Amino acid sequence: MVTAPLAAPAQPAGMPWRIGVVRGSAPPPAELEALRHGLRERGYVEGRNLVIETRWAEGREERLPALVAELLRLKVDLIVASAPAATRAAKDATTTTPIVMVTVADPLAFGFVESLARPGGNVTGLVFMHPELSGKRLELLKAAVPRLSRLAVIWNGANPYKAADMKEVQAAADASGVSVQSLPVADSRALDGAFDAAKAGRADALITLEDPFTIAHRARIVALASAHRLPALYGRRVYVDAGGLMSYGPDPIEQYRRAAVYVDRIFKGAKPYDLPVEQPTKFDLVINLKTARALGLTIPPSLVVRADQVIE
């Protein structure tokens, strides 16, 4: 049985709806396509009644305010902002244009919303819940690497929002009796030095704190982890697709698809301050057994059976 897309509300005088999408770096293609697909399901079709303006900061988050200003000059009807820095730039630039945030860990701590149930203001959207996952990620990594006593953490030191994530990792490690080696990097040139430091510190395993910078350099990070024979657990599936060992976290593709629901409701008259912020309910564990074999690592069967997907 085939269902036709829902009918989208009409703009005055037949003008198309205009959405701005802003982010610190270009997203994996599947994420933006998920947004487009979700919008098509609700009757919004590019070239007919929808225009999507995309702006990427190419890893230079200081460019985000200018990119948001450019979108506002284009008179977009709504902004989809990915990650805290882009959401902050959008929120600082406008109090009237609706903003739908995606992949933001803690919008309350960042001051983007007044509460998850009643956001207030012009920002709503989806929580990614990175910090709260630190304990679970460490538990999974210890199951894969039972000898784990020293953990290296690579994160974008130029991103002030990652400091909160780092504190959560430290707290989870302290509770587990694991020592942490914090390795902030400010640019891609520092990645080699960070991995050399991890090796010198005799790290048993690695996690990364995801943001547009680390995601943009995921192939390099995965290659360095492999070269240093360092088991790693990442927060996004795209790292495992690039050859990484394991990932655990919410699905960003699903977040972009769900963002279309918020766009549709706002275009139909709902106000952002009345739309509760949505929290993820599913967290995917993906394991790459091919990478495990290359590292000489045997993943316990009890962990393999818990995986949502296993790459052979």
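Shown above is the structure to which this text applies.
Read on for an overview of the structure. (Residues numbered from 1 in each chain as written. Predicted model: local features only at pLDDT ≥ 70, side-chain atom pairs only at ≥ 80, totals over all residues. Heavy atoms only, no water.)

1. Here's the deal with the side chain of Asp211
Assignment of secondary structure puts Asp211 in the loop between strand S8 (205-208) and helix H7 (212-216). At 6.1 Å, Lys162 is the nearest oppositely charged side chain to Asp211, a buried residue that forms no salt bridge. Looking at Asp211, its side chain comes within polar contact range of the side chain of Asn156, at 2.8 Å. Setting aside residues up to four positions removed in sequence, Asp211 forms contacts with Glu61, Asn156, Asn159 and Lys162. (Helix = DSSP H or I, 4+ residues; strand = E, 2+ residues; numbered from the N terminus. Buried < 20%, exposed > 50% of the residue type's maximum accessible area, 1.4 Å probe, protein only. Lys, Arg positive; Asp, Glu negative; His and termini not counted. Salt bridge = Lys/Arg side-chain N within 4 Å of Asp/Glu carboxyl O. Polar contact = N/O pair within 3.5 Å; in protein donor to acceptor, adjacent residues only side chain to side chain. Contact = heavy atoms within 4.5 Å.)

2. Section: the sheet that holds strand S11 (residues 284-288)
Reading across the sheet, the seven strands line up as S7-S6-S8-S9-S10-S11-S12 and stay open at both edges, with mixed pairing between neighbours. At either end of the open sheet lies a strand with only one pairing partner, and these are strand S7 (179-185) and strand S12 (309-311). On average, adjacent strands in this sheet sit at an angle of 20° to one another, irrespective of strand direction. One ladder, built from seven bridges, connects strand S6 (residues 150-156) with S7; its direction is parallel. When the sheet's bridge partners are listed, Asn156 is paired in S7 with Val185. In the packing of helix H5 (residues 162-176) onto the sheet, the strands contacted are S6, S7 and S8, and the crossing angle to S6 comes to about 170°. (Pairing = 2+ DSSP bridges. Axes fitted to C-alpha atoms, helices over the stretch in contact; angles between N-to-C directions.)

3. Describing the sheet that holds strand S2 (residues 50-56)
Ordered by their spatial adjacency, five strands build an open sheet running S2-S1-S3-S4-S5, and the pairing between neighbours is parallel. Of all the strands in the sheet, the pair left with one neighbour each is S2 and strand S5 (123-127). Taking the axes of each pair of neighbouring strands and ignoring which way they run, one obtains an average angle of 20° across the sheet. The pairing of strand S3 (residues 78-82) with strand S4 (residues 99-104) spans four bridges and is parallel. Across the sheet, Ala81 pairs through a bridge with Met101, a residue of S4.

4. Regarding helix H1 (residues 29-41)
Between its first and last C-alpha, H1 extends 18 Å over 13 residues, near the 18 Å set by a 1.5 Å rise per residue. Among all positions in H1, only Glu31, Leu32, Ala34, Leu35, Gly38 and Leu39 are buried. One face of H1 carries all of its buried residues, which in axial projection span an arc of 150°. Buried residues belonging to H1 abut strand S1 (17-23), S2 and helix H10 (252-267). Looking one or two places after H1, you find Gly43, whose phi comes out positive at around 95°. (Expected span 1.5 Å × (residues − 1). Arc of directions from axis to C-beta.)

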